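# Survey of secondary and tertiary structure
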Amino acid sequence: MSTEGSIRTSGDTVVLAGDFNAKSPVLCSPTTDIRGEHLADMAASLNLNAANTGSPTFVRGASETHIDFSFVSDAIVQRLVGWRVLMDVESASCHKYIAYSIWATAPRLDAAAPEGWNWRKTDCEKLNSFLTNTLMCETDVGELHKAIDEYIKRVCDVSMPKKKPRGVRKPVFWWSDEIAELRKSSLAARRTFQRACKMRGPEECREEQQTAREAMKALRLAVRRSQENAWKALCDSVDQDPWGLPYSLAEAPFTSITENEIMTIAHILPTSKAPGPDGIPDAIIKAVALARPREVAMVFNQCMEKGLFPGAWKSARHVLIRKPGKPLTLPSSYRPLSLINTVAKLFERVIKRRLEAHFDAVSEGLSCHQYGFRKGRSTLDASEAISGIVQRSGSGALAGRDLCALVAIDVAGAFNTALWRKIEETLCRKNVPGYLMNIDRSYLNDRQLLTDAGSMAVTCGGPQGSVIGPLLWYIFYDDLPSSIYL
């Protein structure tokens, strides 16, 4: 393409904008086509960044699409501000005006203070005292889902210190406060010995030398002990039950979420996951749910009855994890993850259990050929099913044997491309109760993805890292022929 060739020879500063008549979720469009895939690939290969924020750029009657795009190169991406679609300005065309500014210099951004709390320094006595003596209803907030957010933040403020700014270097997994203190003592002892050597000579510093050696030995022993304990904890976690505790729910109509249900889910809530945008550790959410199950159930029941998944729980922090051995320059070398608030994941677990209970109870539930991310099933079951087909096809008389072929399909961007409308249609066909339909619809709509460059609207797919994301993906693909095994 002449445009691509011109960009490659034009230098570092590039602004590319126009009507590309292309659609791609990567470019904030809810649908995709071949031209959109080619455009996204070209932009990635040229290190161009899409400036679109999710607003439709082409409006014809009731139809709205995203086909006009603006791209800028890495050299000026931090200088582009205020990209917007002028919906209220008449353009004498179905294409709407797009406005943005490019500053002469990048705006200075003050370093944001880290969000969240240091859960490793939790004061359990203060935590238990607050949960025992302070009721959630004392929080002066009108809506219950906002009340529980405020209550949990108060719990964190009382029981643990705020996170402090730190450099990009992260501590190793076996690091502890004890090792930090021993390291500090060891360095101090070594400096004392070195200063004494300069002043009196090595022969006169035997005592300082012995003290430094003992401090170093204590540090090494503590590191070795911590590494062994960390490895043992990792091995023990592998042996835990991956399917969770068995639990069943009543069928529709909607039955209230009970305190026992909240406590059952809270007991299996992991406590070592990264927090979401609110920075609240999952250990605090677990403690609140176990100490105040009635209040938590009351909040969730109100959300269920209203068909409301609170907007504050639908924001996710976007992070990229590089796939091992993949080149740094390709976008496909990174796995996108969404860090979600733990209170939202707790509510998702309630929704997920009720969806699973419905599918298990009705004949039109999930296909029996689906194995991944399903309770009591694994890839071993899928392998056994395939082996059984091969054995049946190859048994009997030679002339009567069937030809058996195995085709493996890798769905590119599976979680990111599932259409919300198709998920909702499948839920309707499977007779999902109305209250679950409403809460799922609210869960999918108006989601926000938070990045270092700002926030962007999500128009399709399920957040990777969510609880019900895999289940919604299987619902989306459940209508495939039964001869295809997922």
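Analysis parameters
- Residues numbered from 1 in each chain as written.
- Predicted model: local features only at pLDDT ≥ 70, side-chain atom pairs only at ≥ 80, totals over all residues.
- Heavy atoms only, no water.
- Salt bridge = Lys/Arg side-chain N within 4 Å of Asp/Glu carboxyl O.
- Buried < 20%, exposed > 50% of the residue type's maximum accessible area, 1.4 Å probe, protein only.
- Pairing = 2+ DSSP bridges.
- Helix = DSSP H or I, 4+ residues; strand = E, 2+ residues; numbered from the N terminus.
- Axes fitted to C-alpha atoms, helices over the stretch in contact; angles between N-to-C directions.
- Patch = residues over 30% accessible without salt bridge, like charges linked within 9 Å, V, L, I, M, F, W, Y side chains within 5 Å.
- Areas by Shrake-Rupley, 256 points an atom, 1.4 Å probe, with all protein chains shown as cover.
- Lys, Arg positive; Asp, Glu negative; His and termini not counted.
- Charge placed at Lys NZ, Arg CZ, Asp CG, Glu CD.
- Phe/Tyr/Trp six-rings, centres within 6.5 Å; stacked < 30°, edge-to-face > 60°.
- Left-handed = near helix turned anticlockwise from the far one by under 90°.
- Contact = heavy atoms within 4.5 Å.
- Nonpolar A, V, L, I, M, F, W, Y, C, P; charged D, E, K, R; others polar.
- Core = buried A, V, L, I, M, F, W, Y, C linked by side-chain atoms within 4.5 Å.
- pLDDT = per-residue confidence, 0-100.

To continue, consider the pattern of salt bridges. For the structure shown, the criterion picks out nine salt bridges. With a closest N to O distance of 2.8 Å, E203 and R206 form a salt bridge. Assessed through its relative accessible area of 57%, E203 is described here as exposed. Residue R206 is classed as partly exposed on the basis of its relative accessible area of 47%.

Take the sheet that holds strand β2 (residues 48-50) next. Backbone hydrogen bonds hold the strands of a sheet together, and the pairing may be parallel or antiparallel. Read across the sheet, three strands follow the order β1-β5-β2 without closing on themselves; strand pairing throughout is antiparallel. What marks the edges here is a single partner per strand, and that holds for β1 (15-19) and β2. Ignoring which end each strand starts from, the neighbouring axes of this sheet average 25° apart. The pairing of β2 with strand β5 (residues 68-73) spans three bridges and is antiparallel. Residue N49 lies in a different strand from β5, and its bridge partner there is V72.

This part is about a positive patch on the surface. A grouping of R183, R190, R191 and R195 is seen on the molecular surface, where their side chains present a positively charged patch. Position of R190 relative to the elements: it lies in helix α5 (residues 177-200). Look at R190 and you get partly exposed, because its relative accessible area is 42%.

Next up on the list: the packing of aromatic side chains. Following the criterion strictly, the structure yields 10 aromatic pairs and no others. When the ring of F130 is compared with that of Y151, the centres are 5.6 Å apart and the planes differ by 40°; the resulting orientation is tilted. Taken together, the positions of F130 in helix α3 (residues 124-133) and Y151 in helix α4 (residues 144-159) put the pair 21 residues apart, joining distant regions of the chain. Side by side, F130 and Y151 carry an identical accessibility label, which is buried. Ring plane angle 80° and centroid distance 5.0 Å describe the contact between F309 and Y443, whose orientation is recorded as edge-to-face. Of this pair, F309 sits in the loop between α9 (293-306) and β8 (315-322) while Y443 sits in helix α14 (residues 434-444); the two residues are 134 residues apart in sequence, bridging distant segments of the chain.

Let us now look at the packing of α4 against α9. A pair of packed helices is characterised by two quantities: the angle between their axes and the separation of those axes. Two numbers describe how α4 lies on α9: the axes approach to 8 Å, and their chain directions differ by 145°. Crossing geometry of α4 relative to α9 is assigned as left-handed. Here α4 contributes L144, H145 and I148 to the contact with α9, which in turn contributes V296, M298, V299, Q302 and C303. Across the contact of α4 with α9, the residue classes break down as six nonpolar, two polar and no charged.

For the rest of this paragraph, the subject is the nonpolar core. Across soluble globular proteins, you tend to see nonpolar side chains buried next to one another. Ranked by size, the top nonpolar core spans 63 residues in total, and within it I152, I284, F300, W313 and F347 carry the most contacts. Sequence-distant contacts of W313, that is, excluding residues within four places in its chain, are made with H145, I148, D149, V299, F300, I340, V343, A344, F347 and R447. Counting residues in each nonpolar core, the second largest holds 12 residues, with A22, L46, F69 and F71 among its members.

Let's shift gears to the confidence of the model for the protein chain. Averaged over all residues, the pLDDT of the protein chain equals 78, while 85% of them reach at least 70. Predicted confidence is poor over residues 241-252, with pLDDT under 50, and the contacts of this stretch with residues over four places away or in other chains come to 21 contacts.

Another point: the sheet that holds strand β10 (residues 447-451). Pairing in this open sheet of four strands is mixed, and the strands run β9-β8-β10-β11 from one edge to the other. Because the sheet does not close on itself, it has two edges, and the strands there are β9 (334-340) and β11 (454-458). Taking the axes of each pair of neighbouring strands and ignoring which way they run, one obtains an average angle of 35° across the sheet. When β10 meets β11, the two strands line up antiparallel, connected through five bridges. Note on β11: the bridge partner recorded for L449 is M456.

As a further point, take helix α7 (residues 259-267). Within α7 the residues assigned to the buried category are E261, I262, T264, I265 and A266. For α7, the secondary structure elements touched by its buried residues are α8 (282-291), α9 and α10 (342-361).

Now for unusual backbone geometry. Positive phi is not limited to glycine here, since A92 has a value of about 60°. Considering the arrangement of structural elements, one finds A92 in the loop between β6 (80-86) and β7 (97-102). Here A92 falls in the exposed class, since its relative accessible area comes to 74%.

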